[in-house]
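# Topology and contacts: notes
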Amino acid sequence: MRQRVTLITLGVRDLVRARSFYEAIGWKTNADRGDDVVFFQAGEMVLALWDRERLAQDSCVRDAAGWGGVTLALNLASPEEVDGVIEEARTAGATIGREPGTTFWGGYSAVFIDPEGHSWEIAHNPRWTVTEDGGVRLG
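Along each chain, residue indices are assigned from 1 in the same order as the chain's sequence is written. The predicted nature of this model means local features are confined to residues of pLDDT at least 70 and side-chain atom pairs, given and counted, to a pLDDT of 80 or more, with totals for whole chains, interfaces and linings taken over all residues. Only heavy atoms go into the side-chain values, all of them from the structure, while hydrogens and water stay out.

Glancing now at the overall build of the protein. Labels follow the DSSP assignment, with helices taken as runs of H or I lasting at least four residues and strands as runs of E lasting at least two, numbered in each case from the N terminus. Looking only at helices and strands, the protein has three helices and nine strands in total. N-terminal to C-terminal, the α/β element order of the protein is β-α-β-β-α-β-α-β-β-β-β-β. Each radius of gyration reported is based on C-alpha atoms, and the globular scaling rule is 2.2 Å times the count of residues to the power 0.38. Compactness check: the protein gives a C-alpha radius of gyration of 16 Å against a globular reference of 14 Å for 139 residues, within 12% of the reference. For the protein, with 139 residues in total, the buried portion stands at 33%. In the protein, the proportion of contacts linking residues at least 24 apart, taken out of those at least 6 apart, comes to 46%. In this description, accessible areas are obtained by the Shrake-Rupley approach with a 1.4 Å probe, and a residue is regarded as covered only by the protein chains that are shown. Of the roughly 8,900 Å² that the protein leaves accessible, carbon and sulfur atoms contribute 52%. For the charge count, each Lys or Arg is scored as positive and each Asp or Glu as negative, with His and the chain ends excluded. Each charge is placed at NZ for Lys, CZ for Arg, CG for Asp and CD for Glu. Counting 14 positive and 21 negative side-chain charges, the protein places the centres of these two groups 4 Å from one another. The cut-offs for exposure are 20% and 50% of the maximum accessible area for each residue type, with area from a 1.4 Å probe on protein chains only; residues under the lower value are buried, those over the upper are exposed, and the others partly exposed. Between two residues, a contact is recorded if the distance between any of their heavy atoms is within 4.5 Å.

See below:
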């Protein structure tokens with residue numbers, strides 16, 4: 001198996017609300033308003049929004065309706081970029097779980113929770129390289 005992730009699908013209870021949130025923070029989609037799944041190109045991968053019940057069934061799991069042990073993250077080139085993304089998310093209706101600040105690991109990060117309960121860490125790690133196209137390189 002190649003060491004790569006090409007698609008992350010977030011299960012949502014309210015597709016219209018979830019789509020509106022991601023569009024409000026600047027994400028673009030070509031999905032029609034009536035589509036039952038919304039795809040966003042995210043660099044070299046895709047983020048999708050789909051009905052939570054249908055996703056659980058399709059993934060052969062039982063939806064326990066609790067946190068699934070997964071946090072999404074966006075790594076940026078500076079603390080100022082972290083601050084900017086958190087303000088965009090706040091304006092779009094996110095709950096800010098942790099305000100921006102210095103971390104125990106020597107970086108700078110914050111957490112927002114989207115309207116469907118998905119947690120996003122927005123971070124700057126001074127030991128990682130953020131490429132010109134937004135990719136991340138360890139070390």
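This part is about helix α1 (residues 15–24). Among the residues making up α1, those that are buried are A18, R19, F21 and Y22. For α1, the angular spread of buried residues about the axis comes to 160 degrees, placing them on one side. Elements in contact with the buried residues of α1: β1 (7–12), β2 (37–42), β3 (45–51), α3 (79–92), β6 (108–113) and β7 (119–124). Between the side-chain oxygen of the N-cap and the backbone nitrogen of V16 there are 3.3 Å, and the N-cap of α1 in question is D14. G26, located one to two residues past α1, shows a positive phi value of around 100 degrees. An arc is given here, and it is the one of the directions from the helix axis to the C-beta atoms. Pairing of N or O atoms within 3.5 Å defines a polar contact, subject to two protein rules: one partner must be a possible hydrogen donor and the other a possible acceptor, and residues neighboring in sequence count only if both atoms are side-chain atoms.

Once that is clear, we can look at the layout of surface pockets. Lining residues are defined by having an atom within 4 Å of a point belonging to a cavity or pocket. Those points lie on a 1 Å grid over the protein atoms alone, cavities being sets where a 1.4 Å probe fits but cannot get out and pockets being open sets with protein on both sides within 12 Å along at least five of seven lines. Grid points are joined across faces, edges and corners, and a volume is the space filled by probe spheres set on the points. Of the pockets and cavities examined, the largest pocket occupies roughly 1,300 Å³. Residue lining of the largest pocket: 34 residues in total, with A42, M45, A73, G134 and G135 positioned closest to the centre. Here the lining of the largest pocket is composed, by residue class, of 21 nonpolar, seven polar and six charged. What the second largest pocket holds in volume is close to 570 Å³. If you trace the second largest pocket, you find 23 residues lining it, with G11, R52, G66, G68 and H118 closest to the centre. Listing elements by their share of the lining of the second largest pocket, those giving two or more residues are β1 and α2 (52–58). For the lining of the second largest pocket, the per-class residue count stands at nine nonpolar, eight polar and six charged. Think of it as three bins: nonpolar holds Ala, Val, Leu, Ile, Met, Phe, Trp, Tyr, Cys and Pro, charged holds Asp, Glu, Lys and Arg, and polar takes everything else, Gly as well.

Let us now look at the sheet that holds β7. A pair of strands is considered paired only if DSSP assigns at least 2 bridges between the two. Strands sit in the order β4-β7-β6-β5 across an open sheet of four strands; the sheet is mixed. Where the open sheet ends on each side, the last strands, each with one partner, are β4 (72–75) and β5 (95–102). Taken pair by pair, the neighbouring strands of this sheet meet at an average axis angle of 15 degrees, ignoring direction. In this sheet, β7 lies alongside β6 in antiparallel orientation, the contact comprising six bridges. Bridging across to β7, S109 finds its partner in A123. What counts as an axis is a line fitted to C-alpha atoms, over the stretch in contact for a helix, and the angles between N-to-C directions run from 0 to 180 degrees.

A carboxyl oxygen of Asp or Glu within 4 Å of a side-chain nitrogen of Lys or Arg is what we treat as a salt bridge. Tallying each qualifying case throughout the model produces eight salt bridges. One salt bridge connects D63 with R52, and the closest N-O pair in it is separated by 2.7 Å. Remark: R52 occurs in helix α2 and D63 occurs in the loop between α2 and β4; sequence separation between them is eleven residues. Overall, the relative accessible area of 32% leaves D63 in the partly exposed class. Note on R52: relative accessible area 18%, which makes it buried.

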